[in-house]
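Each chain, letter by letter, is given below.
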Amino acid sequence: MISTSTSSASLSSVFSSATSTSDVAPAESLKLVIVCVGLPARGKSYITKKLQRYFNWSQFNTKIFNVGNTRRQKHAGPSDYPILGPTTMPATTTMHNANFFDASNKRSFTLREKWARETLDRLLDFLLYEEGNVGIFDATNTTKQRRRWIIETVTQRMRGSAKILFLESICTDNELIEKNIHLKLMGPDYRKMDRNLALEDFRKRLHNYEQVYETIDEDEEAENEVYGIQYVKIVNAGKKLVSYNISGYLSSQCVFFLLNFNLSDRQIWLTTNGESQDNVEHIQGGDSGLSSKGWKFAKALPKFIGKKRQEFKLRQLNKQFIKDAEFACFHDRPQMEPKFNVWTSTLERTNETVRFFPRNEYHLKAFKMLNDMCYGSFDSTAEVEIRDNHIDDYRNMMQNKLSYRFPGLGGESHLDVIARLRPIIVELERLKDHVLIVSHRVIIRVLICYFMNLSKEMLTELDVQHDYVYCIEPKPYGLDLKIWQYDEVTDDFYEVDEIELMQRKRRRASLSVDNHYKPVLRSELDASTEDVDEDTLTEQQSNQMDIKQYQKVFCERSDSQCYEFADSNDTGSGTSQLDREVKKIMANQELVKEICKQFALKAQ
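Since the structure is predicted, the reported quantities are computational estimates derived from the model, not experimental observations.

Parameters at a glance
Residues numbered from 1 in each chain as written. Predicted model: local features only at pLDDT ≥ 70, side-chain atom pairs only at ≥ 80, totals over all residues. Heavy atoms only, no water. Buried < 20%, exposed > 50% of the residue type's maximum accessible area, 1.4 Å probe, protein only. Helix = DSSP H or I, 4+ residues; strand = E, 2+ residues; numbered from the N terminus. Pairing = 2+ DSSP bridges. Right-handed = clockwise from strand over helix to strand, strands pointing away. Contact = heavy atoms within 4.5 Å. Axes fitted to C-alpha atoms, helices over the stretch in contact; angles between N-to-C directions. 1 Å grid on protein atoms, 1.4 Å probe; cavity = no way out; pocket = protein on both sides within 12 Å on 5 of 7 lines; lining within 4 Å. Points joined across faces, edges and corners; volume = space filled by probe spheres on them. Nonpolar A, V, L, I, M, F, W, Y, C, P; charged D, E, K, R; others polar. Phe/Tyr/Trp six-rings, centres within 6.5 Å; stacked < 30°, edge-to-face > 60°. Lys NZ or Arg CZ within 6 Å of the ring centre and 35° of its normal. Core = buried A, V, L, I, M, F, W, Y, C linked by side-chain atoms within 4.5 Å.

Engineer: I keep staring at the pairing of strand β9 (residues 340-344) and nothing clicks. Help me out?
Structural biologist: Remember that side chains alternate between the two faces of the sheet whenever the strand is regular. Burial runs high along β9: 5 of the 5 residues are buried. Both β9 and strand β12 (residues 434-439) contribute to a ladder of 5 bridges, which runs parallel. Counterpart to Asn341 in the pairing with β12 is Val435. Where β9 lies against strand β10 (residues 363-366), 4 bridges are found, and the strand directions are parallel. By the bridge assignment for β10, Thr344 is matched with Ala366. With helix α12 (residues 348-353) bridging β9 and its parallel neighbour β10, the resulting β-α-β unit is right-handed.

Have a look at this one:
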């Protein structure tokens with residue numbers, strides 16, 4: 001039985017209240033506790049990360065609270081891995097063998113229950129005191145007694161202000177289980193352990209959990225009916241979905257999303273249209289054609305995509321024969337080559353960008369949902385004109401970047417764009433084929449922020465420029481991101497440092513002078529300052545230094561947090577490309593010195 005009942009709250013009211021429930025009807029709860037249930041190696045963490053990314057992108061503050069991380073670390077801290085991938089655990093990580101998970105081991109059982117209480121308390125603190133909307137309790141929770149305790153604790157502390165949704169992951173596909181087990185061997189518990197010993201230990205751990213595992217059944221439904229408990233059972237990574245008593249917007253969205261994702265190996269390509277005539281003149285919106293540089297990009301793009309398409313095909317063929325766990329994926333059976341879709345907006349500049357793709361090899365579609373943000377009465381207006389002649393609007397735009405809606409007929413905000421792109425996101429999660437999306441800077445920024453789980457600030461400020469091509473490849477542990485840039489001189493693409501590029505903010509600046517808002521362009525900061533008084537000059541120079549610090553690194557974070565721009569004064573969380581190059585040169589110099597020293601000793 002599939003139940004996906006949605007609440008009466010409209011999308012607009014929900015989005016406008018993403019950080020506040022004041023605009024939502026009292027009966028509609030915008031706080032949800034998702035409780036994972038299931039044996040190890042059943043894909044619970046994989047599913048919860050996808051849910052967290054979807055809710056965060058929808059502007060519902062969501063975090064994952066993993067009991068395993070609490071167990072492994074005396075003081076749980078964030079990961080320093082900057083792109084979604086295997087979590088890098090701190091040096092203080094504590095390991096436990098299979099005997100620790102034996103239910104008859106009273107001492108370890110007491111410890112595990114203690115860590116579960118601490119983790120659940122942190123989750124509820126997040127919902128109560130940190131403006132959280134969705135807290136995900138990531139643990140096995142395999143017994144009815146544990147789940148009963150969770151219900152009582154959440155109900156007591158939240159006083160009915162949060163719904164509880166149990167998410168049980170069941171897997172009967174032996175091949176899929178084996179793949180997940182081998183992935184576990186690359187996790188923090190077994191990464192430094194001998195492979196055979198690790199595999200033996202994990203199977204024993206799995207056996208200990210199987211001895212006490214109790215699935216959610218009708219008796220548990222009746223016992224917790226008074227609490228209005230909801231649950232979803234997802235079987236074999238989405239092949240079958242069973243839901244019970246689903247109500248409320250967040251719960252319904254959770255079930256809806258789980259109905260529309262898959263584990264197929266595929267590539268999602270994102271790029272903006274080639275440079276247009278309006279881009280050359282710095283005009284927002286409009287519907288102009290490509291510039292001469294844009295046409296060069298349009299001709300080079302299908303050659304580059306075709307080349308990368310063949311490389312992906314060769315890698316997939318290799319995976320069919322290489323059984324080493326390092327290359328393990330969810331599906332490595334021989335299968336038909338995925339189709340390649342090319343999606344564009346309905347505007348002239350994106351359709352011209354894909355003009356040279358062969359129709360017999362690529363499936364081209366144009367979607368109005370992928371159109372550029374509508375700038376309302378400011379459409380086809382240069383940004384400098386808005387800053388100079390519409391100061392109040394520009395100030396509002398800078399102060400409320402996410403929710404500011406352009407005035408006039410059809411004007412949109414970033415939140416409107418997010419709501420408009422929801423069907424595209426769902427289709428991308430459902431699609432098993434390759435896809436290239438050629439759209440506009442705002443649209444590409446929003447899509448990148450969804451897939452890479454970026455913060456609200458990056459949703460409006462991440463620097464997305466023309467001539468860059470982003471490739472997102474879903475993996476069992478998350479996503480891989482690679483970025484290429486088009487070089488007009490060589491008429492080819494070269495790969496760039498994705499970390500360095502994702503650090504950049506949009507290139508714009510403003511100043512407040514003498515308590516009056518005054519927009520200042522970068523060209524003005526570089527111009528002559530002969531007639532500027534000393535105080536104003538000092539302030540401009542300070543602002544210019546801030547602009548030069550745009551190349552920042554991601555904040556250290558845990559798997560449950562969004563990636564953010566780091567504090568400009570924080571130099572410990574990463575290094576710039578220049579720093580890395582300097583270190584590389586220094587290392588090479590040391591190597592040369594060592595070689596010379598060895599030759600000198602031999603000569604003696």
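Further notes follow.
Engineer: How should I be thinking about the environment of Asp416 in this particular structure?
Structural biologist: Residue placement: Asp416 occurs in helix α15 (residues 414-430). The exposure class of Asp416 is partly exposed, given its relative accessible area of 22%. In this structure, the C-alpha to C-alpha distance between Asp416 and Leu402, residues 14 residues apart in sequence, is 9.3 Å. The contacts of Asp416, once residues within four sequence positions are left out, are Arg405 and Gly411.

Engineer: Could you clarify how one ought to interpret the sheet that holds strand β4 (residues 163-170) in this entry?
Structural biologist: Consider a sheet: its strands pair through backbone hydrogen bonds, and that pairing is either parallel or antiparallel. A sheet is described by the order of its strands in space; here 6 strands give the open sequence β2-β3-β1-β4-β5-β6, paired in mixed fashion. Both edges of this open sheet fall to β2 (62-66) and β6 (240-244), since each of them pairs with a single strand only. Averaged over all adjacent pairs, the angle separating strand axes in this sheet is 15 degrees, with direction ignored. Where strand β1 (residues 32-37) lies against strand β3 (residues 134-138), 4 bridges are found, and the strand directions are parallel. Directly across from Ile34, in β3, lies its bridge partner Ile136. The sheet contacts of helix α4 (residues 106-129) involve β1, β2 and β3, and relative to β3 the element is tilted by about 170 degrees. The strands that helix α5 (residues 144-158) touches are β1, β3 and β4; relative to β4, the one it contacts most, it runs at about 155 degrees.

Engineer: Could you clarify how one ought to interpret empty space enclosed by the protein in this entry?
Structural biologist: Summary: where empty space remains is shown by rolling a probe the size of a single water molecule over the atoms. Overall, the coordinates contain 4 cavities of 30 Å³ or more when judged by the stated rule. The calculated volume of the second largest cavity comes to roughly 90 Å³. Lining the second largest cavity are 14 residues; nearest its centre among them are Arg42, Gly43, Leu176, Asn180 and Ala237. Among the elements of the structure, α2 (44-57), β4 and α6 (174-184) are those that each provide at least two residues to the lining of the second largest cavity. In the lining of the second largest cavity, the residues fall into 9 nonpolar, 4 polar and 1 charged.

Engineer: Is there a simple way to think about the packing of aromatic side chains in this case?
Structural biologist: The geometry of two aromatic rings is summed up by the distance between their centres and the angle between their planes. Tallied over the entire structure, the rule returns 26 aromatic pairs. Ring centres of Trp57 and Tyr450 lie 5.5 Å apart, and the angle between their planes is 75 degrees; this geometry places the pair in the edge-to-face category. Of the two residues, Trp57 is situated in helix α2 and Tyr450 in helix α16 (residues 441-451); the sequence distance between them amounts to 393 residues. As far as burial versus exposure is concerned, Trp57 and Tyr450 are alike and both buried. Taken together through their ring pairs, the aromatic side chains of Trp269, Phe297, Phe304, Trp484, Tyr486 and Phe493 make up a single cluster. The ring of Tyr362 carries Arg309 above its face, with NZ or CZ at 5.1 Å from the centroid.

Engineer: Help me understand the nonpolar core in this model?
Structural biologist: Nonpolar side chains in soluble globular proteins tend to end up buried together. Membership of the largest hydrophobic core comes to 115 residues, with the highest contact counts inside it found for Ile34, Leu258, Ile437, Ile448 and Tyr470. Take this core: its biggest share by element is 9 residues, from α16. Apart from the residues within four sequence positions on either side, Ile448 is in contact with Leu270, Asn453, Leu454, Leu462, Val464, Tyr470 and Met502.

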